Amino acid sequence: MNRSRRIVSVSLFLLAAACVLAGCSRDSKSTSGVNPRDSRSERKTFHDQAVGPEPSVKTHTDAAASSRKFALNLEQETLSNAELARSSWENPFLPRLWSGEGWRTSKDSMTCESESSQPATFLRPYRNVVIECQLSWPVSATTPSPQPPPIEFEVRMLDRNTGGWAALTVDSDEIELSEVELSETDGKTRTSFKSLRRAANDIDRNEPKISVRMTMTPNRVLVAINGQMKINSPRPGSIMNTECLTQFVAKQPGTRISELRFEGD
């Protein structure tokens, strides 16, 4: 009788143990093995919430290397100390005041003759400045196009020490203030692009000219197009507390700069 009870007890113990083990196995599968995609999705969601989206980065190795080389190697011996010290320029279209290929200067204007978007650089640096100019582009009088010509140009403020710059970019649809910072990786120069402010471009494209006023104070950048304020932004960190060289970049031959004035320190 005692032996029978022991056999029944052992059998019940083994049966209970088997049930426990089966339950543990099911729990393990439900938490780690049923849907690995859900697990990866949760990790990605956490990463996005903790770190945030990656910044907009564009790599233009050739342009960055060219800009950095220009900024570091530029010589200003063509200007006298008096010319460098002046705070205001009216129509400064003397060739010695500029560095840039593919641009033709005249008494009262400067015209882009290149299709490679080479910048024209004014050699007098400014820490704070007001830049005013009028830009115009060619319109064919003999074979008028059903569509107005594209508007594409940049005004850059180049930090000579680093080769980085802040840029006012105007095209047919949009006006944008951005900054480009340079870094060295494995012996290659890379650019990091960051958009700061954008505004719709509502100018009349049938009028083949545009007036631009760009004001750079110690703390802010203000941009007016045809007398209308379009951008009011904090001064980009890439050109904070530094002297900058002004560059004009035209995206199509025939773009003309006139009524140009610099005033600042």
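In this text, all values refer to a predicted model and were calculated from it rather than measured experimentally. Chains are numbered independently. Their residues run from 1 in the order of the written sequence. The predicted origin of the model limits local features to residues at a pLDDT of at least 70 and limits the giving and counting of side-chain atom pairs to 80 or more, whereas totals for whole chains, interfaces and linings rest on all residues. As a convention, hydrogens and water are excluded, and side-chain values are obtained from all of the structure's heavy atoms.

1. Section: the sheet that holds strand β5 (residues 120-122)
Move 1: If DSSP finds at least two bridges between two strands, the strands pair. Going along the chain from the N terminus, every DSSP run of H or I of four or more residues is numbered as a helix, and every run of E of two or more is numbered as a strand. Taken together, the seven strands give an open sheet; going across it, the order is β2-β5-β14-β7-β8-β9-β10, and neighbouring strands pair in antiparallel fashion. Each edge of the sheet is formed by a strand with only one pairing partner; in this case those strands are β2 (98-99) and β10 (188-200).
Move 2: Examined bridge by bridge, strand β7 (residues 153-159) and strand β14 (residues 244-250) share seven bridges and lie antiparallel to one another. Among the inter-strand pairings, Met157 is bridged to a residue of β14, identified as Thr246.

2. As for the pairing of β7
Taken residue by residue, a regular strand's side chains alternate between the two faces of the sheet.
Move 1: With respect to burial, β7 is a largely interior element, seven of its seven residues being buried.
Move 2: Of the two faces of β7, both are covered, the one formed by Phe153, Val155, Met157 and Asp159 as well as the one formed by Glu154, Arg156 and Leu158.
Move 3: Here six bridges tie β7 to strand β8 (residues 165-170), and the two strands are oriented antiparallel to one another. Of the residues in β8, the one forming a bridge with Phe153 is Val170.
Move 4: Between the antiparallel neighbours β7 and β8 lie five residues, among them Gly163 with a positive phi of about 85°. Each residue gets one of three labels from its accessible area relative to the maximum for its type: buried under 20%, exposed over 50%, partly exposed in between, using a 1.4 Å probe on protein chains only.

3. Let's talk about the nonpolar core
Move 1: Leu168, Phe248, Leu260 and Phe262 are the most contacted members of the largest nonpolar core, which totals 43 residues.
Move 2: Discounting residues that sit within four places of it in the chain, Phe262 has contacts with Ser87, Ser88, Trp89, Pro92, Phe122, Tyr126, Val129, Val130, Ile131, Thr246 and Phe248.
Move 3: Note on terminology: a nonpolar core comprises buried Ala, Val, Leu, Ile, Met, Phe, Trp, Tyr and Cys residues joined through side-chain atoms within 4.5 Å. Listed in part, the six residues of the second largest apolar core include Trp165, Ala167, Val180 and Phe193. Contacts are residue-level and defined by heavy atoms, with any inter-residue pair within 4.5 Å sufficient.

4. Brief notes about unusual backbone geometry
Move 1: Positive phi, close to 55°, is recorded for Asn241, a residue that is not glycine.
Move 2: Along the chain, Asn241 turns up in the loop between β13 (228-234) and β14.
Move 3: On the accessibility criterion, Asn241 (61% relative accessible area) is exposed.
Move 4: Phi is positive for Glu259, which is not a glycine, with a value near 50°.

5. A short note on the packing of aromatic side chains
Move 1: Any Phe, Tyr or Trp ring, taking Trp's six-membered ring, that has another such ring centre within 6.5 Å forms a pair; planes under 30 degrees apart are called stacked, those over 60 apart edge-to-face, and the others tilted. For the structure on display, the rule yields five aromatic pairs.
Move 2: Centre to centre, the rings of Trp98 and Phe122 are 5.2 Å apart; their planes meet at 55°, and the pair counts as tilted. Here the residue Trp98 occupies a position in strand β2, and Phe122 occupies one in strand β5, the gap between them amounting to 24 residues. This pair shows no difference in class: Trp98 is buried, exactly as Phe122 is.
Move 3: Judged by centre distance (5.9 Å) and plane angle (10°), the rings of Tyr126 and Phe262 are stacked. Here Tyr126, found in the loop between β5 and β6 (129-136), pairs with Phe262, found in strand β15 (residues 256-264); they are 136 residues apart in sequence, far enough to count as distant. We note that Tyr126, like Phe262, is buried.
Move 4: Counting every residue linked through ring pairs, the aromatic cluster contains Trp89, Trp98, Phe122, Tyr126, Phe248 and Phe262.
Move 5: Over a ring means this: the NZ of a Lys or the CZ of an Arg is within 6 Å of the ring centre and within 35 degrees of the ring normal. The ring of Tyr126 is capped by Arg124, whose NZ or CZ atom sits 4.6 Å from the centre of that ring.
Move 6: Sitting over the face of the ring of Trp165, Arg156 holds its NZ or CZ atom 4.5 Å from the ring centroid.

6. Here's the deal with the pattern of salt bridges
Move 1: Whenever a carboxyl oxygen of Asp or Glu lies within 4 Å of a side-chain nitrogen of Lys or Arg, that contact is scored as a salt bridge. By the definition in use, this model includes eight salt bridges.
Move 2: Between Glu132 and Arg261 there is a salt bridge; the shortest N-O distance is 2.4 Å. On the criterion of sequence distance, the pair formed by Glu132 in strand β6 and Arg261 in strand β15 is long-range, its members being 129 residues apart.
Move 3: By relative accessible area, which is 23% here, Glu132 ends up partly exposed.
Move 4: Note that Lys251 is salt-bridged to Glu154, the shortest N-O span being 3.8 Å. Placement of the pair is Lys251 in the loop between β14 and β15 and Glu154 in strand β7, with a sequence separation of 97 residues.
Move 5: Through salt bridges that share partners, Glu132, Arg213, Arg261 and Glu263 make up one connected network.

7. A word on the side chain of Thr121
Move 1: Here Thr121 shows up in strand β5.
Move 2: Polar contact is the term for a pair of N or O atoms within 3.5 Å; when the atoms are in protein, one must be able to donate a hydrogen and the other to accept it, and sequence-neighboring residues count only if both atoms are side-chain atoms. A polar atom in the side chain of Thr121 sits 3.0 Å from the side chain of Gln247.

8. What to know about the confidence of the model for the protein
Keep in mind that low pLDDT regions are not for reading the predicted coordinates in detail.
Move 1: For every residue, the predictor assigns a confidence score, pLDDT, that lies between 0 and 100. Summary statistics for the protein give a mean pLDDT of 75 and a share of 66% for residues scoring 70 or more.
Move 2: When the criterion is pLDDT under 50, residues 20-61 qualifies, and its contacts beyond four places in sequence or with other chains add up to 14 contacts.

9. A closer look at the environment of Glu152
Move 1: Within the fold, Glu152 resides in the loop between β6 and β7.
Move 2: Apart from the residues lying within four places of it in its own chain, the contact partners of Glu152 are Val170, Asp171, Ala250 and Lys251.

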